[in-house]
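# Survey of secondary and tertiary structure
Now for the letters of each chain:
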Amino acid sequence: MNLILLGPPGAGKGTQSVLLEKRFAIPQISTGDMLRAAVTAATPMGVKAKGFMDAGDLVPDEVVVGIVRERLQQSDCVSGFILDGFPRTVPQADALDESLAQLKKKLVAVVSLQVDIDALVERLTGRRACMNCGKVYHLKFDPPAADGTCTACSGKLVQRDDDHEDTIRRRMDAYHQQTAPLEDYYRRTGLLLSIDGMASIENVQQAILSGLQAS
Ligand code: ADP
Ligand code: ADP
Ligand code: ZN
């Protein structure tokens with residue numbers, strides 16, 4: 001089962017992808033996570049991507065397309081994958097179509113999470129991630145058992161550098177200008193599964209599973 005999770009920053013793409021990954025035993029492919037790993041490791045690609053990410057701008061298409069193309073060829077993708085945060089532009093979606101055709105794979109659905117702007121800002125400002133295992137929490141909506149500490153591995157919880165108000169605004173602009181057109185792109189192919197992302201984490205997951213069954 002090959003899926004895309006689409007939605008603005010903070011919509012719950014990562015949270016829902018992790019749940020789907022467990023349920024269907026297919027990997028979550030998060031371009032944001034892969035880029036952050038490259039930045040931390042200071043690879044040439046990470047060094048190039050850092051400035052864009054710090055500013056809240058999208059990293060150039062050719063960089064991201066290259067990472068995903070390579071990742072989709074790995075053996076754990078044979079029975080499916082969940083793309084989280086890719087594609088984010090029309091050229092990325094075109095490149096993905098090309099890669100999938102080459103690999104003889106087909107998308108089953110593009111899950112598009114709909115969340116109000118006020119809720120997005122509250123979700124992003126309260127988001128915390130484990131420095132050690134990457135697990136994502138929310139101070140109010142999905143808190144860890146002990147303040148500042150990952151429930152899964154006892155790692156330290158930190159706020160992402162780009163989850164501050166000025167960068168959030170810029171990321172929302174990038175979403176509206178460059179990513180929102182993908183809703184129409186996938187609606188035209190009949191793959192768009194529009195989901196109310198305002199409900200609780202569990203209820204959003206349920207709505208996605210029901211939608212996938214019906215599609
Ligand atoms: P994205 O990957 O789309 O940027 P995340 O999955 O990281 O979004 O979620 C953003 C923040 O909102 C996280 O702190 C997460 O715990 C929280 N969150 C995710 N889904 C919900 C939800 N349905 N209700 C409330 N908070 C949520
Ligand atoms: P969020 O969870 O808030 O949606 P991500 O972790 O997916 O954010 O992405 C963080 C940053 O990484 C983006 O602001 C952008 O700079 C970069 N990025 C991630 N995915 C892409 C992509 N598909 N195309 C271009 N830039 C990307
Ligand atoms: Zn952890």
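In this report, we go over the structure that sits alongside the text.

Conventions we followed
- Residues numbered from 1 in each chain as written.
- Chains lettered and ligands numbered in written order.
- Predicted model: local features only at pLDDT ≥ 70, side-chain atom pairs only at ≥ 80, totals over all residues.
- Heavy atoms only, no water.
- Pairing = 2+ DSSP bridges.
- Helix = DSSP H or I, 4+ residues; strand = E, 2+ residues; numbered from the N terminus.
- Axes fitted to C-alpha atoms, helices over the stretch in contact; angles between N-to-C directions.
- Contact = heavy atoms within 4.5 Å.
- Near = heavy atom within 4 Å.
- Polar contact = N/O pair within 3.5 Å; in protein donor to acceptor, adjacent residues only side chain to side chain.
- Areas by Shrake-Rupley, 256 points an atom, 1.4 Å probe, with all protein chains shown as cover.
- Nonpolar A, V, L, I, M, F, W, Y, C, P; charged D, E, K, R; others polar.
- Salt bridge = Lys/Arg side-chain N within 4 Å of Asp/Glu carboxyl O.
- Buried < 20%, exposed > 50% of the residue type's maximum accessible area, 1.4 Å probe, protein only.
- Patch = residues over 30% accessible without salt bridge, like charges linked within 9 Å, V, L, I, M, F, W, Y side chains within 5 Å.
- Donors = N, O, S within 2.8 Å, 3.2 Å for Na, K, Ca; no water.
- Tetrahedral: all angles 85-135°; square planar, octahedral: opposite > 155°, others 65-115°.

On to the sheet that holds strand β2 (residues 28-30). Overall, parallel pairing links the five strands, which are arranged β2-β3-β1-β4-β8 in an open sheet. Looking at the sheet topology across the chains shown, the edges are occupied by β2 and β8 (192-196). When the angles between neighbouring strand axes are averaged without regard to direction, this sheet yields 25°. Note: β2 against strand β3 (residues 81-84), three bridges, orientation parallel. Opposite Gln28, over in β3, you have Ile82 as the bridge partner. Each of β1 (2-6), β4 (109-114) and β8 is contacted by helix α9 (residues 201-214), which is oriented at about 155° to β8, the strand it contacts most.

Not every one of the 17 residues close to ligand 1 is listed here, only the nearest: Gly10, Lys13, Thr15, Arg127 and Tyr137. One of the side-chain N or O atoms of Thr15 is found 2.5 Å from an oxygen atom in ligand 1. In isolation ligand 1 exposes 560 Å². Once the protein is present, 93% of that is buried. Those elements giving two or more residues to the shell around ligand 1 turn out to be α1 (13-24) and β6 (136-138). For the shell around ligand 1, a count of residues per class yields eight nonpolar, six polar and three charged.

In a beta sheet, neighbouring strands are held together by backbone hydrogen bonds and run either parallel or antiparallel to one another. Taken in spatial order, the three strands of this open sheet run β6-β5-β7, and their pairing is antiparallel. Sheet topology places β6 and β7 (157-158) at the edges, where each strand pairs with a single neighbour. Inspection of the sheet shows strand β5 (residues 127-130) paired to β6 by three bridges, in the antiparallel sense. When the sheet's bridge partners are listed, Ala129 is paired in β6 with Val136. Contacts between helix α6 (residues 117-125) and the sheet are confined to β5 and β6, with β5 contributing the most and set at about 35° to the helix.

Close to ligand 2 lie 19 residues; Thr31, Arg36, Asp57, Gln92 and Arg171 are nearest. Between Asp57 and ligand 2, the recorded distance is 2.7 Å, taken from a backbone N or O atom to an oxygen atom. A distance of 3.1 Å is found between an oxygen atom of ligand 2 and a side-chain nitrogen or oxygen belonging to Arg127. Coverage of ligand 2 by the protein chains reaches 96% of its 560 Å² of free accessible surface. The dominant element in the shell around ligand 2, judged by the number of residues it contributes, is helix α2 (residues 31-40), at four residues. Classifying every residue of the shell around ligand 2 by side-chain character gives seven nonpolar, four polar and eight charged.

Attention now goes to the pattern of salt bridges. Opposite charge on two side chains permits them to pair, given that their charged atoms come into close proximity. The tally for this structure, following the rule as stated, stands at twelve salt bridges. A salt bridge links Lys140 to Glu122; the shortest N-O distance between them is 2.8 Å. Of the two residues, Lys140 is situated in the loop between β6 and β7 and Glu122 in helix α6; the sequence distance between them amounts to 18 residues. The exposure class of Lys140 is exposed, given its relative accessible area of 56%. In this structure, Asp162 and Arg171 form a salt bridge, with 3.8 Å as the shortest nitrogen-oxygen distance. Look at Asp162 and you get buried, because its relative accessible area is 12%. Residue classification places Arg171 among the buried residues on the basis of a relative accessible area of 11%.

Time to look at a nonpolar patch on the surface. Together, Met1, Phe24 and Val108 make up an exposed nonpolar region whose accessible area comes to about 210 Å². With respect to the helices and strands, Met1 occurs in the segment before β1.

Every protein donor of the zinc ion (ligand 3) is listed here as Cys130 (SG), Cys133 (SG), Cys150 (SG) and Cys153 (SG), and their distances to the metal cover 2.2 to 2.4 Å. Every donor counted, the four donor atoms about the zinc ion (ligand 3) form angles of 95 to 116° at the centre, which fits tetrahedral coordination. Along the chain, the residues donating to the zinc ion (ligand 3) fall in the pattern C-x2-C-x16-C-x2-C.

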